[in-house]
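Geometric and topological summary
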Amino acid sequence: MNNTKHKVFESIWFWWFLFTLIYTILNFSGSLGLPLPLGGYVMGFFGLFVPFGLWSSFLLVALHVPSIVALFVFIGLMIFANKKLKTKEIVLWKRILINLLILLLITTLVDFMRGTFFESWKIMFSGGDLDMGF
């Protein structure tokens, strides 16, 4: 893509950061007792694209060996996906969808690597009511 106007939207890192920010804001809102949109299902949806959320942040990763491994895999896959997608001529809306699909797959893989099988999906379907662990 030669159009530099939308370059930031092409990066998988942008979408990870944006969804992590939204997820964190919604999570904090719920923690403060503020009503969550649709009872936390919106937060759960954004969490599907956030391999390392509020309770499993990079600071807490050091306490759990599978999370450390998952962090390195996450970073490696993000770098690989970003580089690979940069070489492809894909229209912007398709690139965004591909980025989100890759984030969804990485989140599911990270859940498995950390021993929290389908935790992100459980959180979404429970409306964010699950107790978050590592």
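Position numbers for residues start from 1 in each chain and track the written sequence from start to end. Totals for whole chains, interfaces and linings use all residues, but because this is a predicted model, local features are given only for residues with pLDDT of at least 70 and pairs of side-chain atoms are given and counted only at 80 or more. The basis for the side-chain values is all heavy atoms of the structure; hydrogens and waters are excluded.

All right, on to the pattern of salt bridges then. A carboxyl oxygen of Asp or Glu within 4 Å of a side-chain nitrogen of Lys or Arg is what we treat as a salt bridge. Counting across every chain of the model gives one salt bridge. When the shortest N-O distance is used, the salt bridge between K7 and E10 registers 3.8 Å. Classification of E10 by relative accessible area gives buried; the value is 9%. To sort residues, take the accessible area from a 1.4 Å probe on protein chains only and compare it with the maximum for the residue type: under 20% means buried, over 50% means exposed, and anything in between is partly exposed.

What follows concerns helix α4 (residues 65–86). Runs of E in the DSSP output that reach at least two residues are strands. Runs of H or I that reach at least four are helices, and both are numbered from the N terminus. Expected helix span is given by 1.5 Å per residue-to-residue step, counting one fewer step than there are residues. Between its first and last C-alpha atoms α4 spans 32 Å; for 22 residues at 1.5 Å apiece the expected length is 32 Å, and the two agree. Where α4 is concerned, the buried positions are S67, A70, L71, F74, M78, A81, N82 and L85. Along the axis of α4, the buried positions cluster into a sector of 110°, meaning they face one direction only. Facing away from the buried side of α4, by more than 90 degrees, are the exposed residues V65, F72, F80 and K83. It is the directions from the helix axis to the C-beta atoms that the arc portrays.

Turning to the nonpolar core, a few remarks are in order. Throughout, nonpolar core names a set of buried Ala, Val, Leu, Ile, Met, Phe, Trp, Tyr and Cys residues whose side chains join them through atoms within 4.5 Å. Counting residues in each nonpolar core, the largest one holds 25 residues, and the members touching the most others are F19, F49, F74, M78, L100 and L103. At the level of elements, α1 (12–31), α2 (41–47), α4, α5 (92–113) and α6 (119–125) are the ones that each hand at least two residues to this core.

The next thing to look at is the packing of α4 against α5. Angular values range over 0 to 180 degrees, each being the angle between N-to-C directions of two axes fitted as lines to C-alpha atoms, with helices fitted over their stretch in contact. One way to put it is that α4 packs onto α5 with a least axis distance of 10 Å and a crossing angle of 160°. Considering their axes alone, α4 and α5 lie roughly antiparallel with respect to each other. Along this stretch, α4 crosses α5, giving a crossing that reads as right-handed. Contact residues: α4 offers P66, V69, A70, V73, F74, L77, M78, A81, L85 and K86, while α5 offers R95, I98, N99, I102, L103, I106, L109, V110 and M113. Each residue belonging to the contact of α4 with α5 can be placed in one class, and the counts come to 16 nonpolar, one polar and two charged. Here is the rule for angles: anything less than 35 degrees is roughly parallel, anything more than 145 is roughly antiparallel, 65 through 115 is roughly perpendicular, and the remaining ranges are oblique. Note on convention: near helix rotated counterclockwise from far helix by under a right angle means a left-handed crossing. Clockwise means right-handed. We call two residues in contact when some of their heavy atoms are within 4.5 Å. Residues were grouped as follows: Ala, Val, Leu, Ile, Met, Phe, Trp, Tyr, Cys and Pro as nonpolar; Asp, Glu, Lys and Arg as charged; and all remaining residues, including Gly, as polar.

Once that is clear, we can look at the UniProt feature "transmembrane region" (unreviewed entry) in the protein chain. UniProt tags residues 12–34, 54–80 and 92–110 as "transmembrane region" (unreviewed entry). Annotated as residues 12–34, this span is 87% helix and 0% strand, and its ends, taken at the C-alpha atoms, are 30 Å apart. Helix makes up 100% of residues 92–110 and strand 0%, with an end-to-end C-alpha separation of 27 Å. UniProt positions are given in the numbering used here, feature names are shortened, and annotations may be inferred rather than shown by experiment.

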